[in-house]
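Single-letter residue listing:
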Amino acid sequence: MTTYHVDVCIVGAGPAGAFLGYLLAQKGIRTLLIERHEELDREFRGEHLHGDVADLLKKYRLFDKVRELGILPMKRVEFFIGTKRVMSVTPDLFGIEHVGIHFPHKHLLSVLIEEAQQTGCLELLMKTTVTELIIEQDHVVGLKAKGKDGEVEVRSKIVVGADGRYSSVRKLANIPATIAKHGYDVLWAKIPVPSDWEPTMRIVLVNHTQITLFACTGGYVQIGWQIPEGSFPSLRKQNFEPFIDTLLKAAPELKPFVDRHIRDWNDFICLPVQSCKCETWVKNGLVIMGDAAHTMSPAGGIGVNAAMKDSDVLAPIICDALQAQDFSRAKLIAFEQMRRDEIDKLQEGQVRQEKAMEKLNKSIMLKHLFYWNMRVLDKMPWKGKIFAKMYAANK
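Reference entry: report on the structure contained in this document. (Residues numbered from 1 in each chain as written. Predicted model: local features only at pLDDT ≥ 70, side-chain atom pairs only at ≥ 80, totals over all residues. Heavy atoms only, no water.)

1. What about the packing of aromatic side chains?
According to the stated counting rule, one finds 10 aromatic pairs in the structure shown. Note on Phe-232 and Trp-265: the rings are 6.0 Å apart at their centroids and 75° apart in plane angle, and the pair reads as edge-to-face. Of this pair, Phe-232 sits in helix α6 (residues 232–235) while Trp-265 is found in the loop between α8 (255–261) and β16 (269–278), placing the two residues 33 residues apart along the sequence. Grouped by ring-pair contacts, the aromatic residues Trp-225, Phe-232, Phe-240, Phe-243, Trp-265 and Phe-268 constitute a single cluster. Sitting over the ring of Phe-63, Lys-58 keeps its end group 4.9 Å from the ring centre. The lysine or arginine in question, Arg-202, covers the ring of Phe-80, its NZ or CZ lying 4.7 Å from the ring centre. (Phe/Tyr/Trp six-rings, centres within 6.5 Å; stacked < 30°, edge-to-face > 60°. Helix = DSSP H or I, 4+ residues; strand = E, 2+ residues; numbered from the N terminus. Lys NZ or Arg CZ within 6 Å of the ring centre and 35° of its normal.)

Here it is as structure tokens:
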């Protein structure tokens, strides 16, 4: 068995865990980052950064390093009903440079981890799965895991669970979580696009569903296609051609690429949509964050952004706890107190947005009203404020 003695052990090397690891390592805190996958170069769905998180990366002088590896600022967010554009939202409405940035997670993660490792204070363990929390006198003091080379024991002052919606740390800590379904799942696919495809986010209402097309770095578009909750197994038994015709109605210019790259159901990945609220995010010696603490739905692309803001808030709280040698829940609860209200509002905003779009999709009359109202709104100089409210992203 291999044993590690560190100040902080972070489980989950996604953007939030890696960002926290970077922030702690920069402060000279001995940090171990554990990831269950074998490599970081994996496909992710939520790869769009909002402006406030891009500003966070600039604050820590990381943004330019990620940009060198490749990012794609969005020029517009566009709303369509079928092939008819009803509204376009551009950065100038907000006095900003973009309306979101596509960043491959592998680019962000490589920068965060390389910069952290250069301090000599962060170590990364890949292909390592947590199996048990070590608890002594009602305090989490470490964990046990199974690594690629055998059993691992970690002794740490604080354990952080940043291991996503199906968090092992949350389950092992017996933190109750209320799971909420949202009535839909999302089919994801990523295909090449024509060379003249602009960097936009296109939201399309077609055939009583919503399809979102996210431009990505490298000449690709990511497709997010809403389907009724739990319907994918039955869909797979149906004829594929009529189904894919809906996508072609949403973006007919993609037909040559759809024909080449989406040939059957196996070319889609189904994401069951759910959110969760936890009874608490902290215990003595333990914190959960990001999707582990507050899973978000895909609406508005909020999840990764909220998780990285968690990291920025949590890092100084951990530093303070280590300096005071106080790892109790009473000390760590400051993180939850600082973040809970914003997270609750974001989740409530997602539900409102989803319910509004669901009503719109079910009613022909509402679609017509939406179409003409948005056409009028599209010509108004103050439409940016309306857009911000729709996404519950106003500060």
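2. Some thoughts on the sheet that holds strand β5 (residues 76–81)
With respect to topology, seven strands assemble into an open sheet ordered β6-β5-β13-β14-β15-β12-β16, the strand pairing being mixed. The open sheet is flanked by β6 (84–89) and β16, the only strands paired with a single partner. The sheet shows a mean angle of 25° between the axes of neighbouring strands, taken without regard to direction. Examined bridge by bridge, strand β12 (residues 177–192) and β16 share nine bridges and lie antiparallel to one another. Bridge pairing in β16 links Thr-178 to Lys-277. Running over the sheet, helix α7 (residues 240–250) touches β12, β13 (200–206), β14 (209–216) and β15 (220–228) and is turned about 125° from β15. (Pairing = 2+ DSSP bridges. Axes fitted to C-alpha atoms, helices over the stretch in contact; angles between N-to-C directions. Contact = heavy atoms within 4.5 Å.)

3. Topic: the pairing of strand β11 (residues 150–161)
Pairing of strand β1 (residues 2–11) with β11, which is carried by nine bridges, proceeds in the parallel orientation. Among the inter-strand pairings, His-5 is bridged to a residue of β11, identified as Arg-155. By the bridge criterion, six bridges tie strand β10 (residues 139–147) to β11 in an arrangement that is antiparallel. The residue of β11 that forms the bridge with Lys-144 is Glu-153. Hairpin connection between β10 and β11: a loop of two residues separates the two successive antiparallel strands. One ladder, built from three bridges, connects β11 with strand β18 (residues 286–288); its direction is parallel. The residue of β18 that forms the bridge with Val-160 is Val-287.

4. Things to note about unusual backbone geometry
Positive phi values are uncommon outside glycine, yet Gln-137 reaches one of about 50°. By the secondary structure assignment, Gln-137 is in the loop between β9 (129–136) and β10. Residue Gln-137 is classed as exposed on the basis of its relative accessible area of 79%. One non-glycine residue with positive phi stands out, namely Gln-325, at about 55°. (Buried < 20%, exposed > 50% of the residue type's maximum accessible area, 1.4 Å probe, protein only.)

5. Structural notes on the pairing of β12
Pairing of β12 with β15 involves nine bridges; the strand directions are antiparallel. Looking across to β15, one finds that Ala-189 is bridged to Ile-223.

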